[in-house]
Amino acid sequence: MNISIISVGKLKEKYLKLGIEEFTKRLSKYCKLDMIELDDEKCPENLSEKDMLIVKDKEGKKILSKIKNNSYVIALAIDGKNLSSEELADTISKLGVRGHSHITFIIGGSLGLSDEVLKRSDYKLSFSKMTFPHQMMKLILLEQVYRAFRINNNEPYHK
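Residue numbers restart at each chain and count upward from 1, following the sequence in its written direction. Only residues with pLDDT of at least 70 are given local features in this predicted model, and only at 80 or more are side-chain atom pairs given and counted; all residues enter the totals for whole chains, interfaces and linings. Only hydrogens and water are set aside when side-chain values are computed; all heavy atoms of the structure are taken into account.

Only DSSP runs of H or I reaching four residues or more are called helices, and only runs of E reaching two or more are called strands; each is numbered from the N terminus. Helices and strands together make up the secondary structure of the protein chain, namely 5 helices and 5 strands. Order of helices (α) and strands (β) in the protein chain, N terminus to C terminus: β-α-β-α-β-α-β-α-β-α. Dimensions along the principal axes, computed over C-alpha positions, put the protein chain at roughly 50 × 35 × 25 Å. Burial status follows relative accessibility: with a 1.4 Å probe on protein chains alone, a residue under 20% of its type maximum counts as buried, one over 50% as exposed, and anything between as partly exposed. Every one of the 159 residues in the protein chain was classed for burial, and the buried ones make up 44%. We get accessible surface area from the Shrake-Rupley algorithm with a probe of 1.4 Å; when it comes to residues, only the shown protein chains can shield them. Total accessible area on the protein chain is roughly 9000 Å²; 51% of this is exposed by carbon and sulfur atoms. Under this rule, positive means Lys or Arg and negative means Asp or Glu; His and the chain ends count for nothing. In plain terms, the charge of a residue is placed at NZ if it is Lys, CZ if Arg, CG if Asp and CD if Glu. Here the protein chain contributes 27 positively and 22 negatively charged side chains, and the mean placements of these two sets differ by 4 Å.

Next comes the structure, spelled out in structure tokens:
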């Protein structure tokens, strides 16, 4: 299985980098992992709705340029479907059985994802109705993907 994570924004916090390094190492046993970090668009705090759309569209074009044609795309979106860890594991397993050997997870920038990216997505996944820093979501996502592989291999960890 090939897993790509496309995220907007550079990771700066050392504690997040350490956690991501740890789960990247752990996941190497189960999949080929490709992490793609894209620069976020610089923008002032008080953007108009129109300016927000422009920023999301610019970031969206960068994201779309990195998605492989044959990839099953899962966008992280607050209005996506909430899954338990077991349900995520089952989803990943079923995708593999159906011949989807490449899954791309997308984490948008601070303003979210463009409509174009959401249209390209095959599935929208939500981790919570709460808002999390997008840099932190990468670590949370990696942990859940690792947990999914452990569940699918009947290995202890997830309880």
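With that out of the way, let us pick up the side chain of His102. Secondary-structure assignment places His102 in strand S4 (residues 102-107). A residue is classified by how much of its surface remains accessible, and His102, at 7% relative accessible area, is buried. Two N or O atoms count as a polar contact when they lie within 3.5 Å, although within protein this holds only if one can serve as hydrogen donor and the other as acceptor, and sequence-adjacent residues are included solely when both atoms are side-chain atoms. Separated by 3.0 Å, the side chains of His102 and Ser4 make a polar contact. In this view, His102 contacts Asn2, Ser4, Lys68, Asn70, Ser71 and Tyr72; residues no more than four positions away in its chain are not counted. Contact between two residues is taken to exist if any of their heavy atoms lie within 4.5 Å; hydrogens are not considered.

Below, the discussion takes up the pattern of salt bridges. Put simply, a salt bridge is a Lys or Arg side-chain nitrogen that is within 4 Å of an Asp or Glu carboxyl oxygen. Scanning all chains against the criterion turns up 13 salt bridges. Between Lys124 and Asp79 there is a salt bridge, with the nearest N and O atoms lying 3.1 Å from each other. Of this pair, Lys124 sits in strand S5 (residues 123-126) while Asp79 is found in strand S3 (residues 72-82), placing the two residues 45 residues apart along the sequence. Ionic pairing is found between Asp122 and Arg120, a salt bridge with its closest N-O pair at 3.7 Å. According to the relative accessible area criterion, Asp122 is partly exposed, its value standing at 41%. Salt bridges sharing partners connect three or more residues here, namely Glu22, Lys25 and Arg26.

Within a beta sheet, neighbouring strands are joined by backbone hydrogen bonds and run either parallel or antiparallel to one another. In spatial order, the strands read S2-S1-S4-S3-S5; together these 5 strands make up an open sheet with parallel pairing. Looking at the sheet topology across the chains shown, the edges are occupied by strand S2 (32-38) and S5. Averaged over all adjacent pairs, the angle separating strand axes in this sheet is 30°, with direction ignored. The criterion for strand pairing is that DSSP finds at least two bridges linking the strands in question. By the bridge criterion, 4 bridges tie S3 to S4 in an arrangement that is parallel. Counterpart to Val73 in the pairing with S4 is Thr104. Angles shown run from 0 to 180 degrees and are taken between the N-to-C directions of axes, each axis being a line fitted to C-alpha atoms and, for helices, limited to the stretch in contact.

Here helix H3 (residues 85-97) spans 19 Å end to end across 13 residues, near enough to the 18 Å set by a 1.5 Å rise per residue. Three or more residues of H3 are buried, namely Ser85, Leu88, Ala89, Thr91, Ile92 and Leu95. The buried residues of H3 occupy one face: seen down the axis, they fall within an arc of 160°. Structurally, H3 contributes buried residues whose contacts are with S3, S4, S5 and helix H5 (134-152). One or two residues past the end of H3 sits Gly99, with phi positive at roughly 95°. A helix's residues, less one, multiplied by 1.5 Å, set its expected span. Directions from the helix axis toward the C-beta atoms define the arc.

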